[in-house]
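Here is what each chain is made of, one letter per residue.
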Amino acid sequence: LESMSSQVNEDEELAVTSNRRDRRKRETRDRIMKAARSLFAEQGYDGTKLTDICEKADIAHQTFFNHFPGKRDLMSELARVGIDNLVASVEAAQCKGDSTRERLQLFFEGFTRAALALGPKSREFMAVGIRATQEIHDEAQSRRVHDAFGALVQQGLDEGDVTRRYELSTLVELVVGTHYVLMSDWTLQPDLDVEKRARQISALLGDAIEKRPDESD
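Reading the values: the criteria
- Every residue gets a number counted from 1 within its own chain, in the order that chain's sequence is written.
- The model is predicted, so local features are restricted to residues of pLDDT at least 70 and side-chain atom pairs to those at 80 or more, both for listing and for counting; the totals for chains, interfaces and linings are taken over all residues.
- Only hydrogens and water are set aside when side-chain values are computed; all heavy atoms of the structure are taken into account.
- Numbered from the N terminus, helices here are DSSP runs of H or I no shorter than four residues, and strands are runs of E no shorter than two.
- It is over C-alpha atoms that the radius of gyration is taken, and the globule rule equals 2.2 Å times the number of residues to the power 0.38.
- Burial classification: accessible surface area is computed with a 1.4 Å probe over protein chains only, and a residue below 20% of its type maximum counts as buried, one above 50% as exposed, and the rest as partly exposed.
- For helices, the fitted axis covers only the stretch in contact; all axes are lines through C-alpha atoms, and the angles between them, taken along N-to-C directions, range from 0 to 180 degrees.
- Orientation categories follow fixed angle ranges, with anything under 35 degrees roughly parallel, anything over 145 roughly antiparallel, 65 to 115 roughly perpendicular, and all other angles oblique.
- Handedness of a helix crossing follows the sense of rotation of the near helix relative to the far helix, less than a right angle counterclockwise being left-handed and clockwise being right-handed.
- Only heavy atoms matter for contacts: two residues are in contact if any of them lie within 4.5 Å across the pair.
- Each aromatic pair joins two rings of Phe, Tyr and Trp (for Trp, the six-membered one) with centres within 6.5 Å, and gets the label stacked for planes under 30 degrees apart, edge-to-face for over 60, and tilted for any other angle.

(A) Inspection of the overall build of the protein at higher detail. Along its length, the protein carries 9 helices and 0 strands. Reading the secondary structure of the protein in the N-to-C direction produces α-α-α-α-α-α-α-α-α. For the protein, the C-alpha radius of gyration of 22 Å lies well beyond 17 Å, the compact-globule estimate for 217 residues. For the protein, the proportion of its 217 residues judged to be buried stands at 38%.

In structure tokens, the structure reads:
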């Protein structure tokens, strides 16, 4: 019994040590990503060196490579986080808005403001992020985006303020595609007033998918 008790204690100590080690790894990884996101938005992806990231994250150079093979791999992970933020933005707009038109406005204007607030190089950061997302080509992540927008449009259908003249999938593709076009235009057009364009696009989408007065239920 004493031997069994000793073994149990050793196993518990190993589990605690392992959990502590895993937590430290996650904290370091998160610190690296936070530092990189800040630097990429402040001074650009190309203008940021690994040494800059290590210095800001307060880690040794070798520690970086314990978590990421290189800067491109780090950017790919940030792109995945960007998808998480996109989905969260759609879900937040869905919860806060009283109508589909208002939810679209909340999403497009809120997401654009958040992107601009990242830093002076946010447009370049977004461009690199879009390329990284395309390189990842993660079907599951793409499905998450479509499902989030799909839930927003479906809510409008359920509440009766979205047209039923078109299939749900068509309406969702319209909204998703418009968002990606907005982000792409912003990265390609330095002089684009992206906040103004976001307001116009959300209004246009609201008009396009709104239920018509003469439309039957």
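After that view of the structure, there is still more to cover.
(B) Fine view of the packing of helix α7 (residues 139-159) against helix α8 (residues 168-188). Remark: α7 packs on α8, axes separated minimally by 9 Å, with the N-to-C direction vectors making an angle of 125°. Here α7 is positioned oblique relative to α8, judged by the angle of their axes. Our pair here, α7 against α8, has a crossing hand that is right-handed. For the pair formed by α7 and α8, the contact residues are Val145, His146, Phe149, Gly150, Val153, Gln154 and Leu157 on the first element and Leu168, Leu171, Val172, Glu173, Val175, Val176, His179 and Tyr180 on the second.

(C) Inspection of the packing of aromatic side chains at higher detail. One pass over the structure, following the stated rule, counts 7 aromatic pairs. Judged by centre distance (6.1 Å) and plane angle (55°), the rings of Phe40 and Phe125 are tilted. Here Phe40 is found in helix α1 (residues 2-43), whereas its partner Phe125 is found in helix α6 (residues 122-136), with 85 residues between them in sequence. Residue Phe125 is classed as buried on the basis of its relative accessible area of 9%. When the centroid spacing of 5.4 Å and the interplanar angle of 85° are considered together, the rings of Phe64 and Phe65 count as edge-to-face.

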